[in-house]
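The primary structure of each chain is shown beneath.
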Amino acid sequence: MDDFRDRDVLIVGGGDSALDWTLNLQPIARRLTLVHRRDEFRGAPHSVEKMRSLVAEGRIGLAIGQVT
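These numbers were taken from a predicted model, which means no experiment stands behind them. (Residues numbered from 1 in each chain as written. Predicted model: local features only at pLDDT ≥ 70, side-chain atom pairs only at ≥ 80, totals over all residues. Heavy atoms only, no water.)

K.L.:
How would you sum up the overall build of the protein? Please name residues and give values.
P.N.:
From N to C terminus, the protein includes 2 helices and 3 strands. The helix and strand sequence of the protein, counted from the amino end, reads β-α-β-α-β. What you see for the protein is a C-alpha radius of gyration of 11 Å, in line with the 11 Å of a compact globule of 68 residues. Taking the principal axes of the C-alpha coordinates as reference, the protein spans close to 30 × 30 × 20 Å. Across the 68 residues that make up the protein, the buried fraction comes to 34%. Of the contacts formed within the protein by residues at least 6 apart in sequence, a portion of 49% connects residues at least 24 apart. Where the 10 positive side-chain charges of the protein centre and where its 10 negative ones centre are 3 Å apart. (Helix = DSSP H or I, 4+ residues; strand = E, 2+ residues; numbered from the N terminus. Rg over C-alpha atoms; globule rule 2.2 N^0.38 Å. Buried < 20%, exposed > 50% of the residue type's maximum accessible area, 1.4 Å probe, protein only. Contact = heavy atoms within 4.5 Å. Lys, Arg positive; Asp, Glu negative; His and termini not counted. Charge placed at Lys NZ, Arg CZ, Asp CG, Glu CD.)

K.L.:
Pulling in residues and values, what's your account of the packing of helix α1 (residues 16–25) against helix α2 (residues 45–56)?
P.N.:
The N-to-C vectors of α1 and α2 enclose an angle of 45°; their axes lie 10 Å apart at closest approach. One finds that α1 runs oblique with respect to α2. Between α1 and α2 lies a crossing of left-handed hand. On α2, the residues that touch L19, D20 and L23 of α1 are S47, V48, K50, M51 and L54. (Axes fitted to C-alpha atoms, helices over the stretch in contact; angles between N-to-C directions. Parallel < 35°, antiparallel > 145°, perpendicular 65-115°, else oblique. Left-handed = near helix turned anticlockwise from the far one by under 90°.)

K.L.:
Can you break down the pattern of salt bridges residue by residue, with the values?
P.N.:
According to the stated counting rule, one finds 5 salt bridges in the structure shown. Note that R5 is salt-bridged to D2, the shortest N-O span being 2.7 Å. Of the residues examined, R5 reaches a relative accessible area of 43% and is grouped as partly exposed. Residue D2 is classed as exposed on the basis of its relative accessible area, which comes to 54%. The salt bridge partner of R59 is E57, with a shortest N-O separation of 3.0 Å. According to the relative accessible area criterion, R59 is partly exposed, its value standing at 45%. One continuous salt-bridge network, built from bridges that share partners, spans D8, R30 and R31. (Salt bridge = Lys/Arg side-chain N within 4 Å of Asp/Glu carboxyl O.)

What follows is the structure, given as structure tokens:
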């Protein structure tokens, strides 16, 4: 985890792994953005709610689309 401290991080995905990384790295990354192809997530509902709360607070970015 320390490899990501004070770094700009981009996470791609919408399942449990992507959400877990997002929630765990948010406190230590300088800036974190989650990218997913749609606004529906397959992760655990609690994780999705926490992620959306962080987005609403401006603590992480959320981009809907695909990396090309």
